[in-house]
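# Fold and contact review
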Amino acid sequence: MISGGYEMPYTIDPQNNADATSFSQLYQPIESAVIGMSPLKARGYRPLKMTFEDQLKALIFFHLEEHVSAQHLLQVLEKNDFAREHIAPEEGIKKSSFAEAINSRGLEQLMYIYQNLQTQAVSVLPKVHVDLGDLVGIDGSLIDACLSMHWADYRKGSKKAKVHLGFDLNYGIPRKVFLSNGNCAERPFVSMILSPGQTGVTDRGYQAHDRFDQWQEERKHFVSRIKASTKKTILETNEIDPDSNIFYDAIVLLGTPGVNQTQRPVRVVGYTVNNVKYWVATSRHDLTAEQIALIYKLRWDIEIFFGWWKRHLRVYHLIARSEYGLMVQILSGLITYLLLAIYCRKQHNEKVSIKRVRELRIKIQNEMRIANRRKTCPNPGPRFENQQISNCYANT
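Note that the coordinates shown come from a computational prediction; the quantities given were computed from them, not determined experimentally.

To continue, consider the overall build of the protein. Scanning the protein from N- to C-terminus turns up 14 helices and 10 strands. For the protein, buried positions account for 51% of its 396 residues. Once local pairs closer than 6 in sequence are excluded, the contacts in the protein between residues at least 24 apart make up 64%. When the accessible surface of the protein is totalled, it reaches about 19000 Å², and 48% of it is carbon and sulfur.

What follows concerns the nonpolar core. Formed by 97 residues in total, the largest nonpolar core has its most connected members in Leu77, Phe98, Ile113, Trp309, Ile330 and Ile335. In terms of residue count, helix α12 (residues 323-348) provides more of this core than any other element does, 15 residues in total. Membership of the second largest hydrophobic core comes to 19 residues, among which are Val190, Val252, Leu254 and Ala281.

Time to look at the confidence of the model for the protein. Taken as a whole, the protein shows an average pLDDT of 88; of its residues, 87% reach a score of 70 or greater. When the criterion is pLDDT under 50, residues 1-18 qualifies, and its contacts beyond four places in sequence or with other chains add up to 43 contacts.

Attention now goes to the packing of aromatic side chains. For the coordinates displayed, the defined rule picks out 17 aromatic pairs. A centroid spacing of 6.3 Å and a plane angle of 75° characterise the contact between phenylalanine 23 and phenylalanine 61, whose relative ring orientation is edge-to-face. Of this pair, phenylalanine 23 sits in helix α1 (residues 21-27) while phenylalanine 61 sits in helix α3 (residues 52-64), placing them 38 residues apart in sequence. Taking relative accessible area as the criterion, phenylalanine 61 reaches 1% and is therefore assigned buried. An aromatic cluster of three or more residues is present, and its members are Phe167, Phe305, Phe306, Trp308, Trp309, Tyr316 and Tyr337.

Another aspect to go through is the pattern of salt bridges. Side chains carrying opposite charge are able to pair once their charged atoms draw close together. This model, assessed by the stated rule, comprises 17 salt bridges. Residues aspartate 144 and lysine 160 are paired through a salt bridge, measuring 2.3 Å at the closest nitrogen-oxygen approach. Taken as a pair, aspartate 144 in strand β1 (residues 135-145) and lysine 160 in strand β3 (residues 158-168) lie far apart in primary sequence, 16 residues in all. Take aspartate 144: its relative accessible area is 52%, and that puts it in the exposed class.

On to the packing of α3 against helix α4 (residues 70-79). When two helices pack together, you describe them by how their axes are tilted relative to each other and by the distance separating the axes. Where α3 contacts α4, the two axes come as close as 11 Å, and the packing angle between them is 110°. What the angle tells us is that α3 and α4 run roughly perpendicular. For α3 against α4, the interelement crossing comes out right-handed. Along the contact surface, α3 presents Ala58, Phe61 and Phe62, while α4 presents Ala70, Leu73, Val76 and Leu77. Among the residues making up the contact of α3 with α4, the classes are represented as 7 nonpolar, no polar and no charged.

Attention now moves to the pairing of strand β10 (residues 276-282). With 5 of 7 residues buried, β10 is to be regarded as a mostly interior element. Relative to β10, strand β6 (residues 221-225) runs antiparallel, the two sharing 3 bridges. What sits directly across from valine 223, in β10, is threonine 282. Between the end of strand β9 (residues 266-273) and the start of β10, which pair antiparallel, lie 2 residues, with asparagine 274 showing a positive phi angle near 50°.

Turning to the pairing of strand β8 (residues 246-254), a few remarks are in order. When you tally the buried positions in β8, you get 8 out of 9 residues, the bulk of the element. Bridge analysis of strand β7 (residues 232-237) against β8 gives 5 bridges, and the strand direction is antiparallel. Directly across from threonine 237, in β8, lies its bridge partner alanine 250.

Unlike most non-glycine residues, histidine 129 shows phi in positive territory, near 55°. Mapping histidine 129 onto the fold places it in the loop between α7 (107-124) and β1.

Tracing the backbone through its elements, the reader meets threonine 51 in the loop between α2 (29-33) and α3. For threonine 51, a relative accessible area of 18% puts it in the buried group.

Attention shifts here to the environment of isoleucine 295. Along the chain, isoleucine 295 turns up in helix α10 (residues 289-298). Here the alpha-carbon distance between isoleucine 295 and valine 201, two residues 94 residues apart in the chain, equals 7.4 Å. Sequence-distant contacts of isoleucine 295, defined by excluding residues within four places in its chain, comprise Leu132, Leu135, Val201, Val223 and Leu287.

Turning our attention to the environment of glycine 325. Summarising the element assignment, glycine 325 is placed in helix α12. The contacts of glycine 325, once residues within four sequence positions are left out, are Ile102, Asn103 and Ala320.

About the thresholds
The residue numbering used here restarts from 1 in each chain and proceeds along that chain's sequence as written. Only residues with pLDDT of at least 70 are given local features in this predicted model, and only at 80 or more are side-chain atom pairs given and counted; all residues enter the totals for whole chains, interfaces and linings. Calculation of side-chain values draws on the structure's entire complement of heavy atoms; hydrogens and water are dropped beforehand. Every helix listed is a DSSP run of H or I at least four residues long, and every strand listed is a run of E at least two residues long, numbered separately from the N terminus. Under the scheme applied here, a residue whose accessible area is under 20% of the maximum for its type counts as buried, over 50% as exposed, and between as partly exposed, the area being computed with a 1.4 Å probe on protein chains only. It only takes one pair of heavy atoms within 4.5 Å for two residues to be counted as in contact. Areas reported here follow the Shrake-Rupley algorithm with a probe of radius 1.4 Å; residue values treat only the protein chains shown as occluding. For our purposes a nonpolar core is just a set of buried Ala, Val, Leu, Ile, Met, Phe, Trp, Tyr and Cys residues, chained together by side-chain atoms within 4.5 Å. Each residue carries a pLDDT score, the predictor's confidence in it, ranging from 0 to 100. Two rings from Phe, Tyr or Trp (for Trp, the six-membered ring) form a pair when their centres are within 6.5 Å of each other. A pair whose planes differ by under 30 degrees is stacked, one over 60 is edge-to-face, and the rest are tilted. A pair is scored as a salt bridge if a Lys or Arg side-chain nitrogen falls within 4 Å of a carboxyl oxygen belonging to Asp or Glu. Fitting a line to C-alpha atoms yields each axis, with helices limited to the stretch in contact; the angle taken between N-to-C directions then spans 0 to 180 degrees. When describing relative orientation, an angle under 35 degrees is termed roughly parallel and one over 145 degrees roughly antiparallel, while 65 to 115 degrees is termed roughly perpendicular and anything else oblique. By the definition used in this description, the sense in which the near helix is turned from the far one sets the handedness, with an anticlockwise turn below a right angle giving left-handed and a clockwise turn giving right-handed. Gly is placed with the polar residues, together with every amino acid not listed as nonpolar (Ala, Val, Leu, Ile, Met, Phe, Trp, Tyr, Cys and Pro) or charged (Asp, Glu, Lys and Arg). DSSP bridges decide pairing: two strands pair if at least two such bridges lie between them.

In structure tokens:
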């Protein structure tokens, strides 16, 4: 960026949402999340046509209202009175300006807000499974890309990107996130996602004996499913409760000696669920075998999150083509989820659900209609106002 360029404002104007009651409630945590954030700067002395606040609001609105494309979003921002007044830039936004903003700026600011919203979410959400330690589900998810996205290598005739995510299993929120091309290996991201003392929970795709050694050296725990055929050299066996579903609990060296055997011992737990045998390798020696089995079961939470997030917030409907722009889109989708998690807990004392999200959407749409009617009838009188407000917050 050019030194001395035009500095974009990053404080939030509460008056801009004065009539947007429901959207304002959802957006409220952003007001404190931006404190201390580096301001967004233009590459010159002319102010940008889209401030960072405009960009952030538009992206949240995109995910919340299930818009299917950037063109769909821009049409709503232009034609709908509520969206034009409370979401869109004051002078409107053209497709070229929107594309430029998404694909080239705001990533640093979005990451700052994303991290601060995690802190806010932790302060209001209940922590579960405290006795099991800090648990992080780790997985990757492919995003269909178009052929013009040359950076998104996958296979001949096909382009895909991949999101690598750490999901906090204690609080039910997303944490560290990385983006790569679809061919990129997933295992190296475990060390980047985990902090010392945390326990990463992974499926069989993350089995790598050299990584098991590395993670232990880094003081990062793991509970990872392994293939049943994996060679095990038993060093010590643990006592098994004959009335439990556990059939194996031992300290072993995994792999073939001289080929891929672990240098550090690991614990392997085998158990049965619905006649299916599971083999799990772990560095956790402080827990019972039953607790290890429970931890691996909790890994399913990240699968549920990915499915819900993609389906209900339209995160993978591309509005950007560059790697930078796609990361902006991913972060804005994660921010929207965190806002919903905070909103549902504060308003309903519940976790995020599509029922509550639909109720919020209906309220926002009703407020849109009120705003539109005010444009056509600027002095409707108190009776009209009271009736519209009553309708707006009718049971959904």
